[in-house]
Amino acid sequence: QVHLVESGGGLVQPGGSLRLSCEASGFTVSSTVMMWYRQAPGKERELVERISTNGEITDYADSVKGRFCISKDNTKNTVSLQMNNLKPEDTAVYFCNAGWSYYSGSVLNYWGQGTQVTVSS
C-alpha cells in the first residue's frame, strides 16, 4: 500500500528555517521523480521543487531559488525540503508528490496529506 507522509511543518518567524520530510512507503523514491508542491489560501497549487531519479534538481519555482533545496535519502526512502530565509509569502500547505517512476514506467501521482508552514512574526 502506498503512503506519503509529510512532517516538519510549523510556525516560524521570517528569516527562519524549516526542514520538511516526506516518508514514502509502497514504492521507492530512488526510482521515482519526486516533487514538493505548495498551496496558499486562495491560490492554486504550485510546484516548489523537483528532483530526478539520479538526485538532480530539475525544476524549481523562481521564488524559492537559492533558499530551498530538495533532497532524497534512498536508504530511508524519504524526500526532504530544506527551507531557509523563509518569508511570509512562503506560508502554505506543502505537499509531497510522486511523479514518474522508472521502475513502473508510468506517472504514479501519489500525494501526501500535506503539512502546514506558517511564516509570521
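So, here's what we can say about the structure. (Residues numbered from 1 in each chain as written. Predicted model: local features only at pLDDT ≥ 70, side-chain atom pairs only at ≥ 80, totals over all residues. Heavy atoms only, no water.)

1. Considerations on the nonpolar core
Piece 1. With 28 residues, the main nonpolar core has Met-34, Trp-36, Leu-81, Met-83 and Tyr-94 as its most contacted residues.
Piece 2. When near neighbours in sequence (up to four residues on either side) are disregarded, Met-34 contacts Leu-4, Phe-27, Val-29, Glu-49, Arg-50, Ile-51, Ile-70, Lys-72, Val-79, Cys-96, Asn-97 and Ala-98. (Core = buried A, V, L, I, M, F, W, Y, C linked by side-chain atoms within 4.5 Å. Buried < 20%, exposed > 50% of the residue type's maximum accessible area, 1.4 Å probe, protein only. Contact = heavy atoms within 4.5 Å.)

2. What to know about the state of the cysteines
Piece 1. Tallied over the full model, the rule gives 1 disulfide.
Piece 2. No disulfide involves Cys-69; its nearest neighbouring cysteine sulfur is the one of Cys-96, lying 15 Å away.
Piece 3. The class for Cys-69 is partly exposed, based on a relative accessible area of 39%. (Disulfide = S-S within 2.5 Å.)

3. Structural notes on the pattern of salt bridges
Piece 1. Within this structure, the stated rule accounts for 4 salt bridges.
Piece 2. Residue Asp-90 is joined to Arg-38 by a salt bridge in which the shortest nitrogen-to-oxygen separation is 2.9 Å. A residue pair is termed long-range when its members are at least 10 positions apart, and Asp-90 in the loop between strand E8 (78–83) and strand E9 (92–101) and Arg-38 in strand E4 (residues 32–39) qualify at 52 residues.
Piece 3. Of the residues examined, Arg-38 reaches a relative accessible area of 5% and is grouped as buried.
Piece 4. By sharing partners, the salt bridges in this structure join Arg-38, Glu-46, Arg-67 and Asp-90 into a single network. (Salt bridge = Lys/Arg side-chain N within 4 Å of Asp/Glu carboxyl O. Helix = DSSP H or I, 4+ residues; strand = E, 2+ residues; numbered from the N terminus.)

4. Side note on the pairing of strand E11 (residues 115–119)
Piece 1. Here E11 shows a clear split, with Thr-115, Val-117 and Val-119 buried on one side and none of Gln-116 and Thr-118 buried on the other.
Piece 2. Summarising the sheet, strand E2 (residues 10–12) and E11 pair through 3 bridges and their orientation is parallel. Each residue of the ladder has a partner; that of Leu-11, found in E11, is Thr-118.
Piece 3. Pairing of E9 with E11 involves 3 bridges; the strand directions are antiparallel. Bridge pairing in E11 places Ala-92 opposite Val-117. (Pairing = 2+ DSSP bridges.)

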